[in-house]
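Coordinates in review
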Amino acid sequence: MSKDISQSLQAQIFDAYENKTALKIQAGNSKHFYGNSINANLLDVSEHQGIISYEPTELVITARAGTRLSDIEKTLSESNQMLAFEPPAFSESATLGGTIAGNFSGPRRAYAGAARDFVLGCNIINGKAEALSFGGQVMKNVAGYDASRLMCGAMGGLGVILDVSLKVLPNPETELTLSHQCDIHQAQKNIHQWVKQSLPVSASCFYNRQLFVRLSGNHSSVTSAKNIIGGESISSSSGFWKKLKNQQNDFFKTDKPLWRLSLASNSAPLDLSGEGLYEWSGALRWLSSDESADKIRQTLEAINGQATLFRNPQSDAEIFHPLSPGILKVHRQLKKAFDPENILNPGNLYKEL
Amino acid sequence: MAIPVDKTHLISRLQYILPAASVLHQKEDLRPYECDGLSAYRNLPLAVVLPEKTEQVQAILKLCFELEVPVVARGAGTGLSGGALPLPNGILLSLAKFKDIIDIDPVQCVARVQPGVRNLAISQAVEHYGLYYAPDPSSQIACTIGGNVAENSGGVHCLKYGLTVHNIQQLKIITIEGELLTIGGSGLDSAGYDLLALMTGSEGMLGVIVEVSVKLLPKPESAQVILAAFDDLIKAGEAVGNIISAGIIPAGLEMMDKLAIKAAEDFVHAGYPTDAAAILLCELDGSAAEVAEYINTVQKLLTESGATQVRVAKDEDERITFWKGRKAAFPAVGRISPDYYCMDGTIPRKHLPQVLKNMAELSAKYNLPVANVFHAGDGNLHPLILYDANIPGELERTEEFGGKILELCVEVGGSITGEHGIGIEKINQMCVQFNSVELTQFHAIKKAFDEKGLLNPGKAVPTLHRCAEFGAMHVHHGELPHPELERF
């Protein structure tokens, strides 16, 4: 399905701007649990769909924000290409717009880059209902401030994303996943060593005293890496990582607050109670825990890391890691620069933005 | 624009912050700082300051904020777009003394360095860990990491390894109000707006960088390069598409045209076939097994794409020699012409035939030869316009020709700069790339950081007034199609 409703979206934003009424931007609503809740009129982007252009030899795809990730992935796979940041889809309705607005990346992120790293350009409508185009469809472009990457992770607060151009990459020739029984210290040591040896590691996960490592590349490099790493080859490699990124495995079936911790990959295991799962060589750690938000954040801050309350908030703690006063001031001013009437997803990212 | 400041008062206040030897204000001391790599533009600033501590940078910026004095930050001054061109009513803040490598973490593969550290010095410092810093602008022996971040520098390996923005993890910057901000963190991502991306390539307009944490990569086990010759530039362009369609992302994929080949060969004797219309250099890296396999595939693809000659470097020495010709292409062209002007546009690769054809027509029209060097894999063109600055009017004609090439890039959906930045050089072409609403948004972004407009004012983003004048000029000649491109 392909439909361009940008004019209607612009008209709705213009009305909201004139009347100073807040809008809640939504497409597939697959990430409804994420961020602060908003009480505002719905701006439904879901119909703004379709792949606008796809040039496999240019390694670029441009699609409207409401396009489902599954549609994009299907189209890319027909040309044997992929979104290398491996975005999660928390339900079938997950769209490109939400993925970019939240800067969501999956298991390959530590080894290939995040959603923001693959963004080449985008069209947006800001909070004054102005249509703006930033970046483009070329790999290198340093004209003007990088406003397209600024949309990644802004949770819609700086503009309604209309369409995005992304760099895509060829699918690896082959992939396999190996598992090892070991403790976290050995797992950390191994994964860092394998990455440093230039082995074609494309994902890693440590959970329940088991380390899982995915290798991706051509047959010869994957085979030789397999011989170096050893361990058991698991039967459904792609299924394992898909379940992990979409949070469908047992670890994520919890009612406890689920924390997403971002920190240096080689940080020692944290002194926090609860159950943990490691990804990205240890640079991403999931923690399901009843520890207080303050304790978790203080622990992370001590090592220059950050904690996001990803699911199941049970207090009124900030969802996203609190910003330093100086950085918060810049955020406030940028918000004002893009959305002076504070109508786009107000409070979704930080309560005061 | 800020009100004129009393120079004597300014100097005495600066001398209160810095030792006298670190505040240059005599004409002869200022002269070395009058331009960056774009030497056609020169200005003497009121003073040059050379702080060596973060607190000093904070104090200098606080003072400039108080006195409303414009500040231009400068690294090694190798930039090609005039980003570090001083302003006559401002000070030049050199970060040259910030040259410490603060910390190397060989496990996490991150180095924390000061902004005045040279790009290549980072790779040299981590070499014994088997690591390197990937972005490699051709000026890497001289350019500094602070300038690389300010310009979002690329290099010949960006297709596979990305630009500066993909290879940094944390920045410390000082705002114009003197506040120290830490952007990013020790993890791979941080909460909030992507200020790391916003700062990267912001050309000193938003803050002064005082520390950079860069990501390091393991050195690939093996790297190999293929040299392919073509009797037609278009065929060489198609070969690039064929390699990428086969699912191979080379570490580097460079193209040179006849004039550039000849100049480079005469200069460094790289073994290039001087009768070819174009050559491609294709570097593959990875594990030894992987490289061996891909070299075979790419050789076959190049032959099938009509290459008249395909040569794999027989050893590491020959690999370095092949690259030497490419890396020396700019100075090589400098030997065959009194002056040259280096352009930096990007295009979707499929439009290469049309752009080359139009560029040849423009070259004939302006009667100025062009040598072409491309980062072919990512569609980044570096046309070098050959001219003689001593011939009255020739520089102006060259600039106009260069401007036309950039407008051509925008017309086919590309950009006016792939890696050199806007600075002062391409400020008029910004009016072609962006419409007035977008430029206004850029000004609002700047204002969010720098309300008084004191950081590198007049660079990177043109005023609407300037665009109106530029636009009017072009409408007068009847040559600029659709300055206000509707982009839906």
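Calculation criteria
Residues numbered from 1 in each chain as written. Chains lettered and ligands numbered in written order. Predicted model: local features only at pLDDT ≥ 70, side-chain atom pairs only at ≥ 80, totals over all residues. Helix = DSSP H or I, 4+ residues; strand = E, 2+ residues; numbered from the N terminus. Rg over C-alpha atoms; globule rule 2.2 N^0.38 Å. Contact = placed C-beta atoms within 7 Å. Buried ≥ 20, exposed ≤ 12 C-beta atoms within 10 Å, placed from the backbone. Pairing = 2+ DSSP bridges. Axes fitted to C-alpha atoms, helices over the stretch in contact; angles between N-to-C directions. Arc of directions from axis to C-beta. Core = buried A, V, L, I, M, F, W, Y, C linked by C-beta atoms within 7 Å. Domains from an automatic or database assignment. Left-handed = near helix turned anticlockwise from the far one by under 90°. Nonpolar A, V, L, I, M, F, W, Y, C, P; charged D, E, K, R; others polar.

Attention shifts here to the overall build of chain A. The helix and strand tally for chain A stands at 11 helices and 17 strands. Its C-alpha radius of gyration of 21 Å places chain A within 12% of the 20 Å reference for a compact globule of 353 residues. For the C-alpha atoms alone, the extent of chain A along its principal axes is close to 65 × 50 × 35 Å. Expressed as a percentage of contacts within chain A between residues at least 6 apart in sequence, the contacts between residues at least 24 apart total 67%.

Quick look at the overall build of chain B now. Summing up its helical and strand segments, chain B has 17 helices and 19 strands in all. Scaling as 2.2 N^0.38, a compact globule of 488 residues should have a C-alpha radius of gyration of about 23 Å, and chain B matches this with 23 Å. Per-residue burial for chain B yields a buried fraction of 56% across its 488 residues.

One non-glycine residue, N29 of chain A, lies in positive phi territory at about 60°. Positionally, N29 of chain A belongs in the loop between β1 (23-26) and β2 (41-44). Even without a glycine there, the phi angle at N367 of chain B is positive, about 55°. In this fold, N367 of chain B is placed in the loop between α13 (352-366) and β18 (370-375). Residue class for N367 of chain B comes out exposed when judged on the 10 C-beta atoms lying within 10 Å of it.

With that settled, the discussion passes to the interface of chain A and chain B. Listed as interface residues are 71 residues of chain A and, on the opposing side, 75 residues of chain B. Ranked by residue count, the leading element in the side of chain A that touches chain B is helix α11 (residues 325-338) of chain A, at 7 residues.

Another point: the sheet that holds strand β9 (residues 180-184) of chain B. Residue and element names in this part refer to chain B. Pairing within the open sheet is antiparallel, and its 5 strands lie in the order β5-β6-β10-β8-β9. Each of the sheet's edge strands pairs with one partner strand only, and the pair in question is β5 (101-105) and β9. Looking at each pair of strands side by side, their axes are set apart by 15° on average, direction ignored. One ladder, built from 5 bridges, connects strand β8 (residues 168-174) with β9; its direction is antiparallel. Bridge assignment links I173 to a residue of β9, and that residue is L181. Where helix α3 (residues 54-67) meets the sheet, its contacts fall on β8, β9 and β10 (208-215), and the angle it forms with β10 comes to roughly 140°.

The next point concerns helix α8 (residues 219-229) of chain A. Turning to α8 of chain A, its buried residues number three or more, namely S221, V222 and A225 of chain A. Seen end-on, α8 of chain A carries its buried residues on one side only, within an arc spanning 95°. More than 90 degrees from the buried face of α8 of chain A, the exposed residues found are H219 and N227 of chain A. Residues of α8 of chain A that are buried sit in contact with β10 (174-181) and β12 (210-217) of chain A together with β14 (278-286) and α10 (288-304) of chain B.

The subject of this paragraph is the nonpolar core. Ranked by size, the top nonpolar core spans 241 residues in total, and within it V160 of chain A together with I279 and L280 of chain B carry the most contacts. Taken together, domain 1 (2-170 + 332-338) and domain 3 (257-311) of chain A each give at least three residues to this core, which thus spans both. Ignoring sequence-local partners within four residues, the contact set of V160 of chain A consists of L9, I13, I25, L43, V45, I124, I125 and L344 of chain A. In terms of nonpolar packing, the next biggest core, distinct from the first, is built from 17 residues, L199, L211, F212 and V222 of chain A among them.

Turning next to the environment of P257 of chain A. Residues and elements named next belong to chain A. Residue placement: P257 occurs in the loop between α9 (237-245) and β14 (258-262). Each C-alpha atom of the pair P257 and L96 lies 26 Å from the other, and the pair is 161 residues apart in sequence. Sequence-distant contacts of P257, that is, excluding residues within four places in its chain, are made with S289, L309, N312, P313 and Q314.

Think of two packed helices as two axes; the pair is described by the angle between the axes and how far apart they sit. Residues and elements named next belong to chain B. Two numbers describe how helix α8 (residues 233-245) lies on α10: the axes approach to 9 Å, and their chain directions differ by 145°. Judged by the sense of rotation from one axis to the other, the crossing of α8 with α10 is right-handed. Residues A239, N242 and I243 of α8 form the contact with α10, whose own contacting residues are V298, L301 and L302. Within the contact of α8 with α10, the residues separate by chemical class into 5 nonpolar, 1 polar and no charged.

Looking now at the domain arrangement of chain A. Residue and element names in this part refer to chain A. Split by domain assignment, chain A resolves into domain 1 (2-170 + 332-338), domain 2 (174-245) and domain 3 (257-311). Distance between the C-alpha centres of domain 1 and domain 2: 31 Å. Taken together, the contact pairs 7 residues of domain 1 with 6 residues of domain 2. Residues belonging to the side of domain 1 that touches domain 2 are distributed by class as follows: 4 nonpolar, 1 polar and 2 charged.

The strands that make up a sheet are held in pairs by hydrogen bonds between backbone atoms, and each pair lies either parallel or antiparallel. All names here are of chain B. Judged by pairing direction, the sheet is mixed, and its 4 strands sit side by side in the order β1-β2-β4-β3 without closing on themselves. Edge positions in the sheet fall to β1 (23-24) and β3 (71-74), since each has one partner strand and no second. Bridge count between strand β2 (residues 47-49) and strand β4 (residues 91-94): 3 bridges; the pairing is parallel. Looking at the pairing, V49 lines up with L93 of β4.

Residue and element names in this part refer to chain B. Considering the arrangement of structural elements, one finds S94 in strand β4. Residue S94 is classed as buried on the basis of its C-beta count, with 22 C-beta atoms lying within 10 Å. Distance from S94 to P51, taken between C-alpha atoms, is 7.3 Å for residues 43 residues apart in sequence. For S94, the contacting residues outside a window of four places in its chain are V48, V49, L50 and R74.

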